[in-house]
Amino acid sequence: MAIAKQLGRNPRTIAQEIVDRAPLADLNAKLDIGGPGFINVRLDDGFLATTLSKATLSQPVEPAETIVVDYSSPNIAKELHVGHLRSTVIGDALVRLFEYVGHTVIRQNHVGDWGTAFGKLIAYVNADQDSSDLTIGGIEKLYVAASQEFETNLDFAEKARNEVIKLQRQDPKTLKTWEHIVQESLEDVQRIYSELDISLKLSDVRGESSFNPVLPQVVKDLENAGLLVESDGAKCVFVDGFQRKDGSPLPMIVQKSDGGYLYHTTDLAALKHRTQELGADRVIYITDSRQIHHFQMLFAVGKRVGYIPKDVSTEHLVFGSVLNKEGEPFRTRGGDNILLRELIEEGVERAFDIVRSKSDHLTDRAQRQVARQVAIGAIKYADLSKNRTNDYRFDWDVMLSLDGNTAPYLQYAHARICSIFTRAKKELSEFLEGEIELQHPSERSLALRLLRFAETLEQCLDERKPHYLCNYLYELTVHFMRFYENCPVLKAQTPKLMDSRLCLCAKTAQVLRVGLENLGISLPLRM
Ligand code: ARG
């Protein structure tokens, strides 16, 4: 219809001309025209069946790139909370998917482990705490107390600022306390990652502190590029197109008059490291939308100072907020951030109740294990299955439901397929290839869905939106269930038909497994 518009001709006539040329004759496809000028293509069953039996899941991408993905990146000395959930979960799905299609991914956990927050903490700890028995919960409480003190006690505020300077100068005592706090916090962060099955490792941490030694060079680079302007003693870069509300030009301050550096400066250093040392073809940052301006400026200055060469792309991916059932910000009753540790605990308890009532054939231990997979899967899937840029509501009943577009529904379908093979005493992996016949319409629609995995992945990565894959997996499962209701597998009329159906089952299980695992969701073999 777009062509018809361009040519100013009747779309149905154009459609007829296309159909007359029989473009898909060698596939045996039937074409007919519908509505104002749609062309319906009906693929031949035989063609579908042979294509599917030979199909591999996906082809490696060309060209493969080196992609640096900066995600999760929490400010530490605080426990991970719901505010950290989306960057962590979405980022982890994207890195797995990028790797799956053949890119080289370098994960970067740009943790906030430096600056004023740490000055306050260290000053507080050094004043009246024995810093050797600090644990993360304790650190967080200390931080709250230190911040209060900072607001009300001028003397203390001075000390805190002084600690920041001592930190920059590598004062041994300050450094020792700092190292202890950072180590304790990072251990806790890693503990939550491993509970959530997040692939970030300690070696992916490249915190703000690690860029401290190179910040003076960043300022020099800006100066050499003729970008640096002094304003009230501060070193700034002005970039066209960035203005304050009153219309005056908005500077990016890279060094304050007291010599201190800022978030921007560290990010410039990190950008340089990523393109010049890590060899990135692409750099992706995942944070909420409050940082849109920061990254716009960073990319603009990065280009001008030469940290972003022409053939390198940078991208800031944003996401919507997590809301509660009522559509308000998701917080505790007291208005505090909900800790991920507590969220996981609650999810596992809730999932355990469900698993216990459904799966009494499993031992208590197996039920616990399944409950964990279901809970983590549900938390991640609820997030990933929504369009990244939209807000979503966190509702345990909906996300743990065994019906609907949820992780447990998909996990359950997968376990069910596995149990068909167990009952038949056959290996699923032996049926991933084999001859397929499509007799029933529900077999045909399942086959069509199975063949669309690769293009779904492509769309998902083109837009960096995992919900396309989630929706696809859900639809696939719905079609599988329809097939399973309509077509006896182990009691099929002939052994050949049984094998064909087992092949459809095996392929469905494979797509579900690969799809979910690449979203960071694991699958129990039995549920
Ligand atoms: N630590 C920052 C925060 O919690 C996010 C860092 C994102 N990455 C970056 N390179 N700036 O807001």
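Located above this text is the structure these notes cover.
Residues numbered from 1 in each chain as written. Predicted model: local features only at pLDDT ≥ 70, side-chain atom pairs only at ≥ 80, totals over all residues. Heavy atoms only, no water.

> Sorry, what's going on with the overall build of the chain here?
Helix and strand content of the chain: 19 helices and 11 strands. Its C-alpha atoms give the chain principal-axis dimensions of about 85 × 65 × 40 Å. The buried share of the chain, reckoned over its 527 residues, is 50%. At a minimum sequence separation of 6, the contacts of the chain that also span at least 24 residues come to 73%. As displayed, the chain has an accessible area near 25800 Å², and 48% of this comes from carbon and sulfur atoms. For the chain, the distance from the average site of its 64 positive side-chain charges to the average site of its 73 negative ones is 4 Å. (Helix = DSSP H or I, 4+ residues; strand = E, 2+ residues; numbered from the N terminus. Buried < 20%, exposed > 50% of the residue type's maximum accessible area, 1.4 Å probe, protein only. Contact = heavy atoms within 4.5 Å. Areas by Shrake-Rupley, 256 points an atom, 1.4 Å probe, with all protein chains shown as cover. Lys, Arg positive; Asp, Glu negative; His and termini not counted. Charge placed at Lys NZ, Arg CZ, Asp CG, Glu CD.)

> Is there a simple way to think about the side chain of Thr477 in this case?
Mapping Thr477 onto the fold places it in helix α18 (residues 467–486). A polar atom in the side chain of Thr477 sits 2.7 Å from the backbone oxygen of Leu473. (Polar contact = N/O pair within 3.5 Å; in protein donor to acceptor, adjacent residues only side chain to side chain.)

> I keep staring at the packing of aromatic side chains and nothing clicks. Help me out?
Any two aromatic rings considered together are summarised by their centre-to-centre distance and by the angle between their planes. Scanning the model with the defined rule gives 12 aromatic pairs in all. Aromatic side chains Trp114 and Trp178 sit 5.4 Å apart centroid to centroid with 85° between the ring planes, which places their arrangement in the edge-to-face category. Pair noted here: Trp114 is in the loop between β4 (104–108) and α5 (116–128) and Trp178 is in helix α8 (residues 172–195), with a separation of 64 residues, a long-range link. Assigned by exposure class, Trp114 and Trp178 land together as buried. Between Phe330 and Phe394, the ring centres sit 4.7 Å apart and the planes meet at 20°, which makes this aromatic pair stacked. Remark: Phe394 occurs in the loop between β11 (392–393) and α14 (396–399) and Phe330 occurs in the loop between β10 (322–323) and α12 (340–358); sequence separation between them is 64 residues. Using a relative accessible area of 3% as the deciding quantity, one classes Phe394 as buried. Through a chain of ring-to-ring contacts, three or more aromatic side chains come together here, namely Tyr285, Phe295 and Phe299. (Phe/Tyr/Trp six-rings, centres within 6.5 Å; stacked < 30°, edge-to-face > 60°.)

> Quick question: what am I supposed to make of a nonpolar patch on the surface here?
Where nonpolar side chains cluster on the molecular surface, the patch consists of Ile3, Leu7, Ile18, Ile39 and Val41 and spans about 390 Å² of accessible area. Residue assignment for the nonpolar patch shows that the elements contributing at least two residues are α1 (2–7) and β2 (38–42). With respect to the element layout, Ile18 can be found in helix α2 (residues 11–20). (Patch = residues over 30% accessible without salt bridge, like charges linked within 9 Å, V, L, I, M, F, W, Y side chains within 5 Å. Salt bridge = Lys/Arg side-chain N within 4 Å of Asp/Glu carboxyl O.)

> Teacher, can you tell me more about α8 here?
Given 3.6 residues per turn, any residue in an α-helix points the same way as the ones three and four places further on. Helix length check: α8, at 24 residues, gives a terminal C-alpha distance of 35 Å against a target of 34 Å (1.5 Å per residue), a fit within 8%. Just beyond α8, the residue with positive phi is Asp197, at close to 60°. (Expected span 1.5 Å × (residues − 1).)

> It is not clear to me how the site of the ligand should be interpreted in this structure. Could you clarify?
Neighbouring the ligand are the residues Asp70, Ser73, Asn75, His110, Tyr263, Asp267, Tyr285, Thr287, Gln291 and Phe295. At a separation of 2.7 Å, a nitrogen atom of the ligand approaches a polar side-chain atom of Asp70. Contact between the ligand and Ser73: a nitrogen atom at 2.9 Å from a main-chain N or O atom of the residue. Tallied by class, the residues present in the shell around the ligand amount to 3 nonpolar, 5 polar and 2 charged. (Near = heavy atom within 4 Å. Nonpolar A, V, L, I, M, F, W, Y, C, P; charged D, E, K, R; others polar.)

> How should I be thinking about the environment of Ala234 in this particular structure?
With respect to the helices, strands and loops of the structure, Ala234 is situated in strand β6 (residues 234–243). C-alpha of Ala234 to C-alpha of Lys256: the two residues are 22 residues apart in sequence and 4.6 Å apart in space. Excluding residues within four positions of it along the chain, Ala234 makes contact with Val229, Ile253, Gln255, Lys256 and Ser257.

> I keep staring at the packing of helix α15 (residues 407–424) against helix α19 (residues 495–517) and nothing clicks. Help me out?
Between α15 and α19, the shortest axis-to-axis distance is 10 Å and the interhelical angle comes to 140°. Between α15 and α19, the angle is such that the two are oblique. Crossing hand, α15 versus α19: left-handed. Across the interface between the two elements, Leu410, Ala413, His414, Ile417, Ile420 and Phe421 from α15 touch Leu502, Cys505, Ala506, Thr508, Ala509, Leu512, Arg513 and Leu516 from α19. (Axes fitted to C-alpha atoms, helices over the stretch in contact; angles between N-to-C directions. Parallel < 35°, antiparallel > 145°, perpendicular 65-115°, else oblique. Left-handed = near helix turned anticlockwise from the far one by under 90°.)

> Please explain the nonpolar core as it appears in this structure.
One recurring pattern in soluble globular proteins: nonpolar side chains tend to sit buried together. Membership of the largest hydrophobic core comes to 126 residues, with the highest contact counts inside it found for Phe118, Leu343, Phe394, Leu469, Leu473 and Leu519. Take this core: its biggest share by element is 12 residues, from α19. Excluding its chain neighbours within four sequence positions, the residues that come into contact with Phe118 are Ile76, Ala77, Gly112, Asp113, Leu167, Trp178, Ile181 and Val182. Counting residues in hydrophobic clusters, the runner-up holds 28 residues, among them Phe211, Leu227, Leu271 and Val312. (Core = buried A, V, L, I, M, F, W, Y, C linked by side-chain atoms within 4.5 Å.)

> Just checking my understanding: could you explain the pattern of salt bridges for this structure?
Pairs may arise between side chains of opposite charge once their charged atoms sit close together. Taken as a whole and judged by the stated rule, the model has 24 salt bridges. Ionic pairing is found between Glu435 and Lys496, a salt bridge with its closest N-O pair at 3.7 Å. Of this pair, Glu435 sits in the loop between α15 and α16 (441–450) while Lys496 sits in helix α19, placing them 61 residues apart in sequence. Of the residues examined, Glu435 reaches a relative accessible area of 57% and is grouped as exposed. Across the pair Glu443 and Arg501 runs a salt bridge, and its minimum N-O distance is 3.0 Å. Note that Glu443 is positioned in helix α16 and Arg501 in helix α19, a separation of 58 residues in sequence. Both residues of the pair, Glu443 and Arg501, belong to the buried class.

> Explain the sheet that holds β4 to me, please; I cannot follow it from the model alone.
Two orientations exist for strands paired in a sheet by backbone hydrogen bonds: parallel and antiparallel. Across the sheet, 4 strands lie side by side as β4-β3-β8-β9; this open sheet has parallel pairing. Here the strands that pair on one side only, and so sit at the sheet edges, are β4 and β9 (313–317). Strand-to-strand, the axes of this sheet are offset by a mean angle of 20°, without reference to chain direction. Direction of pairing for strand β3 (residues 66–70) relative to β4: parallel, over a ladder of 5 bridges. By the bridge assignment for β4, Val69 is matched with Arg107. Along the sheet face, helix α10 (residues 263–277) touches β3, β4, β8 (282–286) and β9 and points at about 140° away from the line of β8. (Pairing = 2+ DSSP bridges.)

> How do you make sense of unusual backbone geometry when you look at a structure like this?
If a residue is not glycine, its phi is most likely negative; likewise, a peptide bond is most likely trans. In this model, Glu62 is joined to Pro63 through a cis peptide bond whose omega is -10°. Along the chain, Pro63 falls in the loop between α3 (45–54) and β3. Despite not being glycine, Ser72 has its phi angle at roughly 70°, a positive value. Structurally, Ser72 can be placed in the loop between β3 and α4 (85–100). Phi angles above zero are rare outside glycine, and Arg464 is one such case at about 55°. Assignment of secondary structure puts Arg464 in the loop between α17 (453–463) and α18.

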